[in-house]
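# Understanding the architecture of this molecule
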Amino acid sequence: MTYQEVLAASRTCMGPYCKSCPVCNGQACRNTMPGPGAKGLGAGAIRNYQKWQELCVNMDTICENAPVDTTCELFGRRFALPVFAAPVGAVKLHYGDKYNDLEYNGILIPACAEAGIAAFTGDGTDHNVCRAAAEALAKNGGCGVPTVKPWNMELVKEKIDLVKAANPFAIAMDIDAAGLPFLRNLEPPAGRKTVEELKRIAAWAERPFILKGVMTVAGAKKALEAGASAIVVSNHGGRVLDQCPATAEVLPAIVDAVGGRMTVLVDGGIRSGLDVFKALALGADGVLIARPFVNMVYGGGAEGVKIYVEKLRAELEDAMGMCGARKLSDINRSMLFGY
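Now for a quick tour of the structure. Per chain, the residues get numbers from 1 upward, laid out in the order the sequence is written. The predicted origin of the model limits local features to residues at a pLDDT of at least 70 and limits the giving and counting of side-chain atom pairs to 80 or more, whereas totals for whole chains, interfaces and linings rest on all residues. Just so you know, side-chain values use all the structure's heavy atoms and leave hydrogens and water out.

Turning next to the packing of aromatic side chains. Any two of the Phe, Tyr and Trp rings considered here, Trp counted by its six-membered ring, make a pair once their centres fall within 6.5 Å; the pair's planes then place it as stacked at under 30 degrees, edge-to-face at over 60, or tilted in between. Scanning the entire structure with this criterion turns up 7 aromatic pairs. Ring centres of Phe79 and Phe84 lie 5.2 Å apart, and the angle between their planes is 85 degrees; this geometry places the pair in the edge-to-face category. Here's how the labels work: a residue is buried when its accessible area is under 20% of the maximum for its type, exposed when over 50%, partly exposed in between, all with a 1.4 Å probe on protein chains only. For Phe79, a relative accessible area of 4% puts it in the buried group. A centroid spacing of 5.1 Å and a plane angle of 80 degrees characterise the contact between Phe293 and Tyr308, whose relative ring orientation is edge-to-face. Look at Phe293 and you get buried, because its relative accessible area is 1%. Relative accessible area serves as the criterion here: at 1%, Tyr308 is assigned to the buried category. Every member of this aromatic cluster is reached through a ring pair, and the members are Phe79, Phe84, Phe120 and Phe169.

A few words on the pattern of salt bridges. Basic side-chain nitrogens of Lys or Arg form a salt bridge, by our definition, when they fall within 4 Å of a carboxyl oxygen of Asp or Glu. Counted according to the given criterion, the structure contains 15 salt bridges. For Lys51, the salt bridge identified is with Glu54, shortest N-O distance 3.1 Å. Linking Lys51 with Glu54, this pair stays in helix H2 (residues 43-54), spanning 3 residues, or about one helical turn. Here Asp161 ties to Lys164 by a salt bridge, and the two come within 3.6 Å at their closest N and O atoms. Here Asp161 pairs with Lys164, and both are found in helix H6 (residues 153-164), just 3 residues apart, close to one helical turn. Of the residues examined, Asp161 reaches a relative accessible area of 32% and is grouped as partly exposed. You can call Lys164 buried: its relative accessible area is 17%. Helix and strand definitions here come from DSSP, where helices need a minimum of 4 consecutive H or I residues and strands a minimum of 2 consecutive E residues; each element is numbered from the N-terminal end.

Among the nonpolar cores identified, the biggest contains 115 residues, and Tyr104, Ile231 and Phe293 are the most heavily contacted of them. In terms of residues, this core owes the most to one element, helix H11 (residues 291-323), which gives 14 residues. In this structure, Ile231 is in contact with Leu211, Val214, Ala220, Ala223, Ile254, Val258, Met262, Thr263, Val264 and Leu265, ignoring residues within four places of it in sequence. For our purposes a nonpolar core is just a set of buried Ala, Val, Leu, Ile, Met, Phe, Trp, Tyr and Cys residues, chained together by side-chain atoms within 4.5 Å. Every residue pair with non-hydrogen atoms within 4.5 Å of one another is taken to be in contact.

Here we take up the sheet that holds strand E10 (residues 286-289). As summarised here, the arrangement of the 8 strands in space is E3-E4-E5-E6-E7-E8-E9-E10, forming a closed barrel in which the pairing is parallel. Averaged over neighbouring strand pairs, the angle between their axes works out to 30 degrees when direction is ignored. Only strands joined by at least two bridges in the DSSP assignment are considered to pair. Examined bridge by bridge, strand E3 (residues 83-85) and strand E4 (residues 118-121) share 2 bridges and lie parallel to one another. Across the sheet, the residue bridging to Ala85 is Ala119, located in E4. Lines fitted to C-alpha atoms define the axes here, with helix axes fitted over just the stretch in contact, and angles between the N-to-C directions of these axes take values from 0 to 180 degrees. Its contacts with the sheet put helix H9 (residues 247-258) on strand E7 (209-214), strand E8 (230-233) and strand E9 (263-266), and the angle it makes with E8 is roughly 155 degrees.

Using a grid of 1 Å spacing that covers the protein atoms alone, one calls a set of points a cavity when a 1.4 Å probe fits there but cannot get out, and a pocket when the set is open and has protein on both sides within 12 Å along at least five of seven lines; lining residues are those with an atom within 4 Å of a point. Grid points are joined across faces, edges and corners, and a volume is the space filled by probe spheres set on the points. The full count for this structure, using the stated rule, is 1 cavity of 30 Å³ or more. Considering only enclosed or pocket space, the largest cavity measures out at about 80 Å³ in volume. Considering the residues around the largest cavity, the lining is formed by 13 residues, among which Cys18, Lys19, Cys21, Cys24 and Cys29 are closest to the centre.

Glancing now at the pairing of E4. Burial of the side chains of E4 extends over both faces: Ala118 and Phe120 are buried on one face and Ala119 and Thr121 on the other. As judged from the 3 bridges shared by E4 and strand E5 (residues 144-148), these two strands associate in the parallel manner. Within E5, the position partnered with Thr121 by the bridge is Pro146.

On to helix H10 (residues 273-281). Counting buried residues in H10 gives 8 out of 9 residues, a clear majority hidden from the surface. All of the buried residues along H10 are Gly273, Asp275, Val276, Phe277, Lys278, Ala279, Leu280 and Ala281. Taken together, the buried residues of H10 touch H2, E3, H9, E9, E10 and H11. Residue Gly283 follows H10 closely and has a positive phi angle near 120 degrees.

This part is about the environment of Glu64. In this structure, Glu64 sits in the loop between H2 and strand E1 (72-74). Taking the C-alpha atoms as reference points, Glu64 and Glu249, separated by 185 residues in sequence, lie 32 Å from one another.

So, in structure tokens, the structure goes:
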């Protein structure tokens, strides 16, 4: 199969929300919720995508004609690309009946590992979502990152213990999920967490703790204080707060504030290897991509994941070679026009 054939196949089995568009830019799904769309006006996902497109790269081919190296290291593990599949939960609700979460993760996790990257897994009100993710991770040697929502502290501890048994190389929390409707008005209260609470959660993890959903310098500094080993600059795909800035807009300041002291990842509208290059040029250590991986699994299963990762790698290699970067550490802001 080709990438376009996988997309075409996914259009035959996705639910009513995602359209498996030729370019996943948030235009067609817009403010369709639940589903892949964004909150309010639906502009959040669109803005995320658009801001990466507004960045232009500086071509420089007066350099050594040597192979480029796209490999990276995260928490002692080596990966073929600085790209990770982002957490997605409740796929049957959001994307269609073809798969449940156990089936989806059962395809995604080993396919990502086979392709040389790793998958983050999701969580949801149905506790079987988290359990299914843990089971899939355990079957694949813990090669992935379970992501726990900010429930009340007792439930967070319970879920951390559940996923920890799968021996993942890191554990994440999407703190921005505090804005999702199903977390509001829960008893005991769920959602926002203090630095002190996050310190306890990081200690429970007993391995690198990743805090996803940081959009300000102040938030990044609080994550560092809380003991997070990494953050993901993310606005939850525009699904939790309308009229946020795009992740590309806030990333440079966050990197300048905490880069070098913790790993900085970013998501939101990243679709191509060229987008990955731009994120690294702004200072990110790696990226997460969500919705396109869902399309790939629904349209092509493990083969779809492999095809997409190969596409990203080829595009990243091309961008690096044409901009004078032989390895990821060579990529810097001077390779972006206007920086």
